[in-house]
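Examination of the molecular architecture
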Amino acid sequence: MLKRIVALLMTLCVLWALLPSPAARAIVGADAIVADADENFIPIPAAYEVYTTFKNLGEAGFMNHPEDLFVGPDDLLYVADTENNRVLKLSREGEVLEIITEAGGMALNKPRGVYVGDDLSLWIADTGNLRLATLNADGSDRKVYVKPDSPLLEKNFTFDVQKLFVANTGYIYVLKGANLIAIDEGNAFRGYLGADEVGFSLYRTLIRMFGSKSQIERTVKQEPASYSNFFIGADNMIYGILSNKDTAQIRKLNSVGNNTYPEEQYGFVLEDKEGKPLTPTLADITVEDNGILTVVDRLTGLLYQYDQEGNLLCAFGGIGTVGGLFQIPVSLDADSRGYLYALDYNTGAITVFRPTHFIQLIHQAVTLHGEGRYEEALVYWQQALEIDSNYALAHQGVAKVMGKQERWKEALDAYTLADDKEGYSEAFSEYRHELFRQYFVPVVLVVVIGLVILGKLLGLAKRKADEWADNVQMGRGL
């Protein structure tokens, strides 16, 4: 009996050790959440629901450590099934339509990235073969890209690209190691893009100036933050994610490589079992035509969704084995309906998420507001608040619309409900200015009239005082 009790206690201890930390358990697997200004997690109505999950592909078997998923213009799925040395073409329901195992006269070797052009040409980052292999829509060979011949590239440079995207300018952008590289249709090197700035280090500077050769060699080179994935949106901007940076992990790069996205901390910093912080490790990003961004954190399995201003719309998902959770999510994309497809590296499963009515209302409101159609956006914000009266972003949306309409009192009320101190301060400043303009003339008139009346009263009082003084003097004289 004692042995059974001891065995039971040991089992419970092991299970408890395997559980996520308290902070992680608070949100992993939740339907959807957001966070307030104090980083307290707030549940919201479900933003996405699991539509389907497919893993067993029938005669095609199971995927083996797939690394990339892309939804083509035809709304079909293209997956780089890396360890199986193939690219799969799937329907949205998981039916295998085509298996590509070779391109450019060579068998694929550890393909890690896939892209489909508007003409349905298929582009494959054939990483193990150090090349980009492309096929026409009919499956015939199109072109092969290898290491560009450029003096700007180091001699030991290898063309083992992991991800790729083709811009409508014809430039081909590839992720090679930590860097985004551009090449043109002629396979010519066009430069690095969006390199992160390396911060100044006094210690390293002093070592380089005064240290011995051995000290300099032992000094670890300070590397810039690494790009882990990227996406080119319908606005032709390059959206990149940085894997080893605390802030500004999401980048929106313009044509000259400058970031135009708010430099904030994105994602939740949770804690592991030992209480150590788990900084978000973003694995992939997708941007829908309406500008909504979705990123996935491979460490916590959470999907985060943001608007173009960096506001968190929702977060959902997590680590686990039930539907809607992951083991190691590595890639995601969206189709024309707004469905999200998330790829799990460890299980080889693809989970399809369908947007709920609630998040569709939020998307409509955000999109219309961004287009300057504030009256129309207000309708959707109000409908969202009918579902969740505590959704702060909807209150902010209402407040901004009220501000655009110069209805400052209503804007102040909405900012109060949103707990947006900065927005409230700005609206209050405008409200005070509006009150000043509105009542300036009447107040001035009242002041002027008051001064005139006061002047006359003072004059009258002076005359009365003078008369009284005269009367007093006359009385003394008598």
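Residues numbered from 1 in each chain as written. Predicted model: local features only at pLDDT ≥ 70, side-chain atom pairs only at ≥ 80, totals over all residues. Heavy atoms only, no water.

1. Quick look at the sheet that holds strand β5 (residues 77-81)
Spatially, β4-β5-β6-β7 is the arrangement adopted by the four strands of the open sheet, whose pairing is antiparallel. Edge positions in the sheet fall to β4 (68-71) and β7 (96-100), since each of these pairs with one other strand and no more. Strand-to-strand twist across the sheet, computed as the mean angle between neighbouring axes with direction ignored, equals 20°. Relative to strand β6 (residues 86-90), β5 is paired through five bridges, and the arrangement is antiparallel. Across the sheet, the residue bridging to Asp81 is Arg86, located in β6. (Pairing = 2+ DSSP bridges. Helix = DSSP H or I, 4+ residues; strand = E, 2+ residues; numbered from the N terminus. Axes fitted to C-alpha atoms, helices over the stretch in contact; angles between N-to-C directions.)

2. Overview of the pattern of salt bridges
Enumeration over the complete set of coordinates arrives at 20 salt bridges. The salt bridge partner of Arg190 is Asp184, with a shortest N-O separation of 2.9 Å. Judged by relative accessible area, which is 11%, Asp184 ranks as buried. The shortest N-O distance in the salt bridge between Arg407 and Glu410 comes to 2.8 Å. Judged by its relative accessible area of 32%, Arg407 falls in the partly exposed class. Assessed through its relative accessible area of 37%, Glu410 is described here as partly exposed. Beyond isolated ion pairs, a larger network of salt bridges with shared partners links Asp75, Arg92, Asp335 and Arg337. (Salt bridge = Lys/Arg side-chain N within 4 Å of Asp/Glu carboxyl O. Buried < 20%, exposed > 50% of the residue type's maximum accessible area, 1.4 Å probe, protein only.)

3. Regarding the confidence of the model for the chain
On average, the chain scores 84 in pLDDT, and the residues at 70 or more come to 82%. With pLDDT under 50 throughout, residues 1-29 is counted as low confidence; its partners more than four residues away or in other chains account for 27 contacts. Confidence drops under pLDDT 50 across residues 218-222; counting only partners more than four residues distant or on other chains, this segment forms eight contacts. (pLDDT = per-residue confidence, 0-100. Contact = heavy atoms within 4.5 Å.)

4. Here we look at helix α5 (residues 357-370)
Each α-helix turn comprises 3.6 residues. Residues three or four places apart therefore point the same way. Taking 1.5 Å as the rise per residue, α5 with 14 residues should run 20 Å; its terminal C-alpha atoms sit 20 Å apart, in good agreement. Of the residues making up α5, those classed as buried are Phe358, Ile359, Leu361, Ile362, His363, Ala365, Val366, Thr367, Leu368 and His369. Looking at the residues trailing α5, positive phi occurs at Gly372, about 80°. (Expected span 1.5 Å × (residues − 1).)

5. A look at the nonpolar core
Residues Leu122, Leu132, Ile250, Ile285, Ile362, Trp381 and Tyr391 are the most contacted members of the largest nonpolar core, which totals 105 residues. The element that contributes the greatest number of residues to this core is α5, accounting for seven residues. Not counting residues up to four positions away in its chain, the partners in contact with Ile362 are Leu313, Trp381, Ala384 and Tyr391. By size, the runner-up hydrophobic cluster in this structure holds 16 residues, among which are Phe54, Met63, Leu77 and Tyr339. (Core = buried A, V, L, I, M, F, W, Y, C linked by side-chain atoms within 4.5 Å.)

6. So, the packing of aromatic side chains
With the rule as written, the count across this model stands at 18 aromatic pairs. Measuring from centroid to centroid gives 5.4 Å for Tyr51 and Tyr339, while their planes differ by 75°, and the two rings are edge-to-face. Placement of the pair is Tyr51 in strand β3 (residues 48-54) and Tyr339 in the loop between β27 (329-334) and β28 (340-344), with a sequence separation of 288 residues. Here Tyr51 falls in the partly exposed class, since its relative accessible area comes to 31%. (Phe/Tyr/Trp six-rings, centres within 6.5 Å; stacked < 30°, edge-to-face > 60°.)

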